[in-house]
Amino acid sequence: VRALEDIVGPRHVLTSAEDLAPYEVDWTGRFRGRASCVVRPGNTDEVAAVLAACREAGVAVVAQGGNTGLVGGGVPRGGEVVLSLRRLDSIGDVDLIARQVTAGAGVTIAAVEAAAARSGLHYAVDFGARDSATVGGSVATNAGGLHVMRYGGTREQLLGVEAVLGDGRRITRLDGLVKDNTGYHLSHLLCGSEGTLGVVTAARLRLVPRYDERTVALIGFASVVAAVDAATAWRRELEYLEAIELMLADGVELVCAAFDLAAPLATRWPVYVLVEAAAATDPSAALARAVEATVGVGDVAVAVDAGRRTSLWRYRDDHTLAINTLGPPHKLDVSLPLRHIAAFAEEVPHRVVSAAPVARTFLFGHLGDGNLHVNISGVAPDDESVDDVVLRFAVELGGSISAEHGIGIAKRQWLHLSRSPDEIDAMRSIKRALDPTGIMNPGVLL
Ligand code: 2HG
Ligand code: ZN
């Protein structure tokens, strides 16, 4: 602690139980552990010096940004130093020629979008935790979000990073060259490495054109099969889709009850789909035509102005908050081939209940990408029987155990279901090469 105080100043090393508390538990309340201290460096040199001091002392380091991760990868397990990157919150000028921006690790996703918007541009990654989640964390976890179907996830926006590796070597790839084919893409390797190889201190991010002509529709369906069929047709016919999101009646009703919202449609439907289109010219007519031509469409609510669009999005965005009011859930985030989504959605609640009879299953997610969020309430945090059932079922159907949230500690015992022994062994070799003393987020991912 004294060595860290010499580097960042005593004010930026937290040691009291009260100060440590918010850094020691994840957002859901499911994962908690003890930190030896929290250190808050103010620049990259201080990050490097902190890592050197930890290496010397043989103390492990957990990097933390906005602490919005959902797999327990950003909170301590026992005695680690929590390295908070939130003070690295400066953002550069938007480069209008290249359509890029450099943001410090502690800049929030909402702040990147605000900077882009001031320049008439848009940051393509967006998700419910936008006001707290940070660039560093979103890069370290390769965060996905609501618009992956159009723009890809964080890795697709990432031109390069500045980072300090576990062994002290530095990487600086912030020049923003779109083409630079000079060997291993170390920035993309760090993207999704979950703090196990090094600490991302800044990122160079791609921005995309800003489309203010935007339409959101919320549509009721009688079944998931009908919703999947509709989504398939719209993906084929509509050029400007940004999101196709799936919700089920019990999740929507929970959101309405938790936040005192009126039901989204006049009739209760078993399945709801939120679809968003955005373009330089108004996409409403094309969207309306496509929806009208779709078999199985029930009621429809349409929003064009910003306030009403946000109101419709709340039914989807607020699922995470509403589910947490029932106590810490088990959060599973699976990828599935589109053709198996309906079968999975139908069957998974039954499999969960056979593993844990009191469990409640909430299903929602990104239909456009084949990514379902399976949230399970009413099961003790350390009872992993429901996780086992859901993850094995997803893999049985040709899916992945993590679509966009990562592995963390929550999924690591199932990593072998999605990655081969040779792949896991190659990952371990990379870990040993870049973090030979093993101080970077030990126990996470591998
Ligand atoms: C979302 O899509 C996030 O809203 C969180 O990925 C999902 O709470 C969840 O399980
Ligand atoms: Zn998601």
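In this report, we go over the structure that sits alongside the text. (Residues numbered from 1 in each chain as written. Chains lettered and ligands numbered in written order. Predicted model: local features only at pLDDT ≥ 70, side-chain atom pairs only at ≥ 80, totals over all residues. Heavy atoms only, no water.)

## Some words on the nonpolar core
Phase 1 of the analysis: Core analysis: the largest hydrophobic core is formed by 57 residues, its most contacted members being Phe221, Trp234, Val334, Phe344, Leu367, Ile376 and Val390.
Phase 2 of the analysis: For this core, the element with the most residues is helix α9 (residues 224-237), which contributes 7 residues.
Phase 3 of the analysis: The residues contacting Val390, other than those within four sequence positions of it, are Leu332, Val334, Phe344, Val348, Val352, Val374 and Ile376.
Phase 4 of the analysis: By size, the runner-up hydrophobic cluster in this structure holds 29 residues, among which are Val101, Ala115, Ala116 and Ala203. (Core = buried A, V, L, I, M, F, W, Y, C linked by side-chain atoms within 4.5 Å. Buried < 20%, exposed > 50% of the residue type's maximum accessible area, 1.4 Å probe, protein only. Helix = DSSP H or I, 4+ residues; strand = E, 2+ residues; numbered from the N terminus. Contact = heavy atoms within 4.5 Å.)

## Details of the coordination of the zinc ion (ligand 2)
Phase 1 of the analysis: Taken together, His366 (NE2), His373 (NE2) and Glu404 (OE) make up the protein donors of the zinc ion (ligand 2), found 1.9 to 2.1 Å from the metal.
Phase 2 of the analysis: In the primary sequence, the donor residues of the zinc ion (ligand 2) line up as H-x6-H-x30-E. Note that His373 is positioned in strand β17 (residues 371-377) and Glu404 in the loop between α15 (385-396) and α16 (415-418), a separation of 31 residues in sequence. (Donors = N, O, S within 2.8 Å, 3.2 Å for Na, K, Ca; no water.)

## Topic: the site of ligand 1
Phase 1 of the analysis: In the neighbourhood of ligand 1, the contacting residues comprise Leu70, Arg316, Thr320, Lys331, Phe364, His366, His373, Asn375, Glu404 and His405.
Phase 2 of the analysis: In the environment of ligand 1, an oxygen atom lies 3.0 Å from a nitrogen or oxygen atom belonging to the side chain of Asn375.
Phase 3 of the analysis: At 2.7 Å, a side-chain N or O of His405 approaches an oxygen atom of ligand 1.
Phase 4 of the analysis: Every element with two or more residues in the shell around ligand 1 is listed here: β16 (360-366) and β17.
Phase 5 of the analysis: The residue inventory of the shell around ligand 1, partitioned by class, reads 2 nonpolar, 5 polar and 3 charged. (Near = heavy atom within 4 Å. Polar contact = N/O pair within 3.5 Å; in protein donor to acceptor, adjacent residues only side chain to side chain. Nonpolar A, V, L, I, M, F, W, Y, C, P; charged D, E, K, R; others polar.)

## Regarding the pattern of salt bridges
Phase 1 of the analysis: All told, the structure shown has 22 salt bridges when counted by the stated rule.
Phase 2 of the analysis: Between Arg30 and Asp387 there is a salt bridge; the shortest N-O distance is 3.7 Å. Of this pair, Arg30 sits in the loop between α2 (17-20) and β2 (34-39) while Asp387 sits in helix α15, placing them 357 residues apart in sequence.
Phase 3 of the analysis: Residue class for Arg30 comes out buried when judged on its relative accessible area of 10%.
Phase 4 of the analysis: Residue Arg419 pairs with Glu423 through a salt bridge whose shortest N-O separation is 3.2 Å.
Phase 5 of the analysis: A relative accessible area of 35% places Arg419 in the partly exposed class.
Phase 6 of the analysis: Judged by relative accessible area, which is 35%, Glu423 ranks as partly exposed. (Salt bridge = Lys/Arg side-chain N within 4 Å of Asp/Glu carboxyl O.)

## Description of the side chain of Lys411
Phase 1 of the analysis: Summarising the element assignment, Lys411 is placed in the loop between α15 and α16.
Phase 2 of the analysis: Buried charge without a salt bridge: Lys411, with Asp333 as the nearest opposite-charge side chain at an N-O distance of 5.6 Å.
Phase 3 of the analysis: Residues contacting Lys411, with those up to four places away along its chain left out, are Val71, Lys331, Leu332, Asp333, Leu391, Ile401 and Gly406. (Lys, Arg positive; Asp, Glu negative; His and termini not counted.)

## Overview of the packing of α9 against helix α14 (residues 341-355)
Phase 1 of the analysis: Orientation of α9 relative to α14, taken along the N-to-C sense of each, is 155°, at an axis distance of 9 Å. Here α9 lies roughly antiparallel to α14, going by the angle between them. Between α9 and α14 the crossing geometry is right-handed. In this structure, α9 uses Val224, Val225 and Val228 to contact α14, whose residues at the interface are Ile341, Ala342 and Ala345. (Axes fitted to C-alpha atoms, helices over the stretch in contact; angles between N-to-C directions. Parallel < 35°, antiparallel > 145°, perpendicular 65-115°, else oblique. Left-handed = near helix turned anticlockwise from the far one by under 90°.)

Don't take any of this as a statement about function, it's just geometry.
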